[in-house]
Every structure is written in C-alpha cells, then in structure tokens.
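So you can see what is in the structure, the chains are spelled out below.
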Amino acid sequence: MNIVLVGMQWGDEGKGKVIDILSKRADYIVRYQGGNNAGHTVVVGDKEYIFHLIPSGILHPGKICCIGNGVVIDPEVLKRELADLRKNNIDFSGRFKISTLAHVIMPYHKNLDQLREAKRKNKIGTTGRGIGPCYADKINRCGIRMIDLLNPGVFKDKLKDNLKEKNEIFKKVYGHPGFSFQKIYRQYLDYGKLFSKFVCDTAVLLNKACDDKSDILLEGAQGTFLDIDFGTYPFVTSSSATSGGACIGTGISPVKIDKVVGVCKAYTTRVGEGPFPTEFAEGFGNFMRDRGNEFGATTGRPRRCGWFDAVIARQSVMLNGITELAIMKMDVLDGLDKVKICIAYKYKGRVIKEFPHDFEVLSKAVPIYKEMAGWPNQDNNPSSFKQLHPNARAYLLELQKLLGANITMVSIGSARKSTIFI
Ligand code: IMP
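This is a predicted model, so every value here is computed, not measured.

Definitions and limits used
Residues numbered from 1 in each chain as written. Predicted model: local features only at pLDDT ≥ 70, side-chain atom pairs only at ≥ 80, totals over all residues. Heavy atoms only, no water. Helix = DSSP H or I, 4+ residues; strand = E, 2+ residues; numbered from the N terminus. Rg over C-alpha atoms; globule rule 2.2 N^0.38 Å. Buried < 20%, exposed > 50% of the residue type's maximum accessible area, 1.4 Å probe, protein only. Contact = heavy atoms within 4.5 Å. Areas by Shrake-Rupley, 256 points an atom, 1.4 Å probe, with all protein chains shown as cover. Lys, Arg positive; Asp, Glu negative; His and termini not counted. Charge placed at Lys NZ, Arg CZ, Asp CG, Glu CD. Phe/Tyr/Trp six-rings, centres within 6.5 Å; stacked < 30°, edge-to-face > 60°. Lys NZ or Arg CZ within 6 Å of the ring centre and 35° of its normal. 1 Å grid on protein atoms, 1.4 Å probe; cavity = no way out; pocket = protein on both sides within 12 Å on 5 of 7 lines; lining within 4 Å. Points joined across faces, edges and corners; volume = space filled by probe spheres on them. Nonpolar A, V, L, I, M, F, W, Y, C, P; charged D, E, K, R; others polar. Pairing = 2+ DSSP bridges. Near = heavy atom within 4 Å. Polar contact = N/O pair within 3.5 Å; in protein donor to acceptor, adjacent residues only side chain to side chain. Domains from an automatic or database assignment. Buried area = accessible area lost by both parts, 1.4 Å probe. Salt bridge = Lys/Arg side-chain N within 4 Å of Asp/Glu carboxyl O.

**A look at the overall build of the protein chain**
Part 1 of the reasoning: Helix and strand content of the protein chain: 12 helices and 20 strands.
Part 2 of the reasoning: Computed over C-alpha atoms, the radius of gyration of the protein chain comes to 22 Å, within 12% of the 22 Å expected from 2.2 N^0.38 for 422 residues, which places it in the range of a compact globule.
Part 3 of the reasoning: Each principal axis of the C-alpha distribution contributes one length, and for the protein chain these read about 65 × 50 × 40 Å.
Part 4 of the reasoning: Evaluated residue by residue, the protein chain yields a buried proportion of 57% over its 422 residues.
Part 5 of the reasoning: Sequence separation of 24 or more characterises 76% of the internal contacts of the protein chain that already satisfy a separation of 6 or more.
Part 6 of the reasoning: A total accessible area of about 18200 Å² is found for the protein chain, and carbon and sulfur atoms account for 51% of it.
Part 7 of the reasoning: Between the centroid of the 60 positive side chains of the protein chain and the centroid of its 44 negative side chains there is a distance of 2 Å.

**Examining the packing of aromatic side chains**
Part 1 of the reasoning: This model, assessed by the stated rule, comprises 19 aromatic pairs.
Part 2 of the reasoning: Their ring planes at 90 degrees and their centres at 5.1 Å tell us that Tyr 188 and Tyr 191 sit as a pair that is edge-to-face. Highlighted residues: Tyr 188 and Tyr 191, both in helix H6 (residues 181–195), separated by three residues, approximately one helical turn. The two residues Tyr 188 and Tyr 191 agree in class, both being buried.
Part 3 of the reasoning: Among the aromatic residues, those joined into a ring-pair cluster are Trp 10, Phe 225, Phe 276 and Phe 355.
Part 4 of the reasoning: Its guanidinium or amino end placed over the ring of Tyr 49, Lys 47 lies 5.1 Å from that ring's centre, counting from NZ or CZ.
Part 5 of the reasoning: Just above the ring of Phe 181 sits the side chain of Lys 160; from NZ or CZ to the centre is 4.8 Å.

**With respect to the layout of surface pockets**
Part 1 of the reasoning: Taken as a whole, the second largest pocket holds about 220 Å³ of empty space.
Part 2 of the reasoning: Lining the second largest pocket are Asp 331, Asp 334, Gln 378, Asn 381, Pro 382, Ser 383, Ile 412, Lys 417, Ser 418 and Thr 419.
Part 3 of the reasoning: Of the residues in the lining of the second largest pocket, the class split is two nonpolar, five polar and three charged.

**Let's talk about unusual backbone geometry**
Part 1 of the reasoning: For the bond running from Tyr 233 to Pro 234, omega is 5 degrees, close enough to zero to count as cis.
Part 2 of the reasoning: Relative to the assigned elements, Pro 234 resides in the loop between strand S10 (216–219) and helix H8 (244–248).
Part 3 of the reasoning: Phi is positive for Arg 141, close to 65 degrees, though the residue is something other than glycine.
Part 4 of the reasoning: Examined against the element boundaries, Arg 141 turns out to sit in the loop between helix H4 (131–139) and helix H5 (152–174).

**A closer look at the sheet that holds strand S9 (residues 199–200)**
Part 1 of the reasoning: Strand order in the open sheet made by the 10 strands is S9-S7-S5-S2-S10-S1-S11-S15-S19-S20, with mixed pairing throughout. The sheet is open, and its two edges are formed by S9 and strand S20 (419–421), each paired on a single side.
Part 2 of the reasoning: Summarising the sheet, strand S15 (residues 324–328) and strand S19 (residues 406–411) pair through four bridges and their orientation is parallel. Residue pairing across strands places Ile 327 opposite Val 410, the latter belonging to S19.

**Focus: helix H1 (residues 15–23)**
Part 1 of the reasoning: Of all nine residues in H1, nine are buried, a share of seventy percent or more.
Part 2 of the reasoning: Those residues of H1 that sit buried are Lys 15, Gly 16, Lys 17, Val 18, Ile 19, Asp 20, Ile 21, Leu 22 and Ser 23.

**Thoughts on the site of the ligand**
Part 1 of the reasoning: For the ligand, the set of nearby residues contains 15 residues, the closest of which are Asn 37, Thr 126, Thr 127, Thr 237 and Arg 301.
Part 2 of the reasoning: Between the ligand and Asn 37 there is a distance of 2.9 Å, counted from an oxygen atom to a side-chain nitrogen or oxygen.
Part 3 of the reasoning: Contact with the protein chains removes 96% of the 470 Å² of surface that the ligand exposes when unbound.
Part 4 of the reasoning: Here the residues of the shell around the ligand are counted per class, giving six nonpolar, seven polar and two charged.

**Remarks on the domain arrangement of the protein chain**
Part 1 of the reasoning: Domain assignment breaks the protein chain into domain 1 (2–99 + 198–261), domain 2 (103–194) and domain 3 (264–421).
Part 2 of the reasoning: Each side of the interface is counted separately: domain 2 has six residues, and domain 3 has five residues.
Part 3 of the reasoning: Between domain 2 and domain 3, roughly 380 Å² of surface is buried when both sides are summed, and carbon and sulfur atoms account for 48% of that area.
Part 4 of the reasoning: Looking at the side of domain 2 facing domain 3, the largest losses of area belong to Gly 125, Thr 127 and Arg 129, adding up to 71% of the total buried there.
Part 5 of the reasoning: Along the contact surface separating domain 2 from domain 3 lie zero salt bridges.
Part 6 of the reasoning: At the surface where domain 2 touches domain 3, the tally comes to two residue pairs in polar contact (both at pLDDT 80 or more).

Below is the structure:
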C-alpha cells in the first residue's frame, strides 16, 4: 500500500511521530518536497532525534529511505545529518538514496533568501535556508541538480553561468560582494563525491518497488496552508506541500497512491508571518505555547498558537483527499475548562464556511466558535479511545464529524507509546 502523509495546518503538526509509527509497516520512506526548512522530531526511548532532510524512517533498520526529486538539498546539512547517524550507530548503508534530479541549495540561495527578507516590507518569516530562491532557480531553469555535482564539466558551466548573473544582482541590488567561483566549485564537487554512492534515479527505484508490491510511505513536510498554490500566499513555502506534490516530487503516478493520511494538532499553530484567524490573545497564547512546548524544531522560533480551525482543516481534507486523520498533542488541551472549535468565519456580517482566498477577508475574518466542555488532566495514561475522558471523546467525535474523515490515531504525548489507535 502506498500512503501519502500530509500536514493539514501550517506545518509542525507532529508528522514526525506519525511517520515513525507508519514507517514500521513501510518498505520505503520518501521525502517529496521542501528542504531543511522542515524539522521532524522523533522520540525513541529517552533519545530525541530531529531530522531536517533524511526521512526519519532511517531509524528503522532495513527500511529504504529516499530524498525525492521534489526536495531541495543543502549539502552541508545533509552531510551533518549523515554524520549524526554514524555517530548514533545507525547503519544506513545501501538503504539511503538521493534523487539525481533533486535541486541543490547553493550559498547564494541562502544569502538571497535573507537579503530579500530583510528588504521586504511585508516579511514572510522565512527560515532563511535558501528554500525559496532554490525553487525559483528550478522554475527559472537555471537550478543545479544533484546529478550535476557528479559531472565537473556540466557543473562548471552551470555554476559559471549562474554566478555571472547572480554576482551582478548581489553587487548592484544588495551591495553584497558576490561569490567566488573556485570556492563553491571545489566545495560542491566534494559534496558530489561524498554523496555519489547514494545518488540514483529514485523514480525508477520507487516504481519498481510499486511493481514488487512493496509498501511506500510518502512523507510531506510543512503543511497544506504553507503550500505554494493552496496556502495563505504569499506567507507560504515554495513547494507543493499538499498530497499532489507527492507524485510530482517522486515520479510515482497518482493512480498508484492508495491512501492519504492527514495530520493535525488538536489545536492550531503557525510559525512566521501571515493570517491566522483563530490565534489566541497574547496571555493565553503564551500559556498554551509553554504547555505545548511550541518552539520550532528548525529555528527555535516561538510558534503562534490558536484554537482548532475546522474551516482550514476541512479544506485540507478536500484538497488532499484525506480519509484518515491523526490528531496530535491532544494532551496539551487537558485541564482547560472550555475548548473551542472554529466552525466558520464572520466577515462584514457575512458567515463564511469555505476558506477565503481574499487576503483582506482572511486577515479580518472573525472565527465563529463551537464551545465545548474541557476535561481534566488524564493521569491514567489512556491507551484506548474508551479510556479517554468523555469530554475529550466528545471533542474528537466533533472534529471527526466536522472534517468528514475518520480519526485513526490520537497522540497524547511525544513518546511512541503515548498513542491511541482507533
Ligand atoms: P521558507 O520555506 O523557509 O521560505 O519559509 C516560508 C514560511 O513557511 C515561513 O512562514 C516559515 O516559518 C514557514 N515554514 C517553512 N517550513 C516550515 C515547517 O517545516 N514548519 C512550519 N513552518 C514552516
């Protein structure tokens, strides 16, 4: 069975934990978009692992983990992650693969990301990792791909061409001295040598796996509302974070996808700028942020927190074709008197049930809430749906009804064992 797993909100839904659980049943685990702007946290025993590029499935012995063509790779970060795996005695020989077609983040992408953000009046809140400029070069047809790093002649021509144009822009627009060809050329050819044994046509590999009836887990990074098309543009990332991106980013045809699992928190968070209708007021927001330890796995930035927004979650179910839901961090809502779910927005007296595309409407939308009774701290470590407090069960059933998809997993803590399967 080939499963796509997607974030339903603005990223950081806790996908890492679900991926880790689903990885057990998969033969192949594949990243299909984004880059090291993502951070998937997995807790195994008393050890916490944070992955930015390598699929966290690598922790499961024998599983084949791929970075698909839709991902953008910062070689420095990949080198570090591979070194960390070696340090932790995780054997990945023969089971880690990188697509020949994945684009490479170059030093000028990172600088440009930060310089552009600094100049913008309306900041996006980018992670500054060069993701946007790298994808822009891909679309502009001047990007450098993994396969290019294995061919010194091709790489030389492409890098020279890029620097000719980019150094002019850096100097004239940003007052930046520009980049030395030799330094980047040598450094990136070294990366090429280092990664060459992992680089292959992952589309062929994965399609053969489909023919062999192997199970593939396609792990999305970020979330639906950070998707370049369907997100809260321009406050989005630069890739297709929805389930459709899984096909584009791997070369697996849509007809070979069997199921899409959506992951969302029992409330909502967002990092960076952009509209967020259900955002908490500051005091309660700080309280919930501390409670949920809502700080970015990649940048450490505090996350903005708010009530569950069923308007965006419903849209996410539709856009991704989600039939199963994993509700994460349910325990963070323990001990509140009341909990709220946003069921629609109000704008200028009008009730809006669908996700609005007009920036002004979305920015000024006032949530209409359904208020429900809270539940006490669940010290009994519930291991089944039945053992959850009745009010917690009612909350989950309401989410299920509003979203029109089945909840199959509820997370009540970061450890693998703190998971209820339904
Ligand atoms: P970029 O992808 O680094 O350019 O960032 C663009 C926007 O997406 C910013 O608001 C980031 O905070 C947000 N973003 C990017 N990656 C993630 C993620 O993995 N989780 C949450 N937000 C993200």
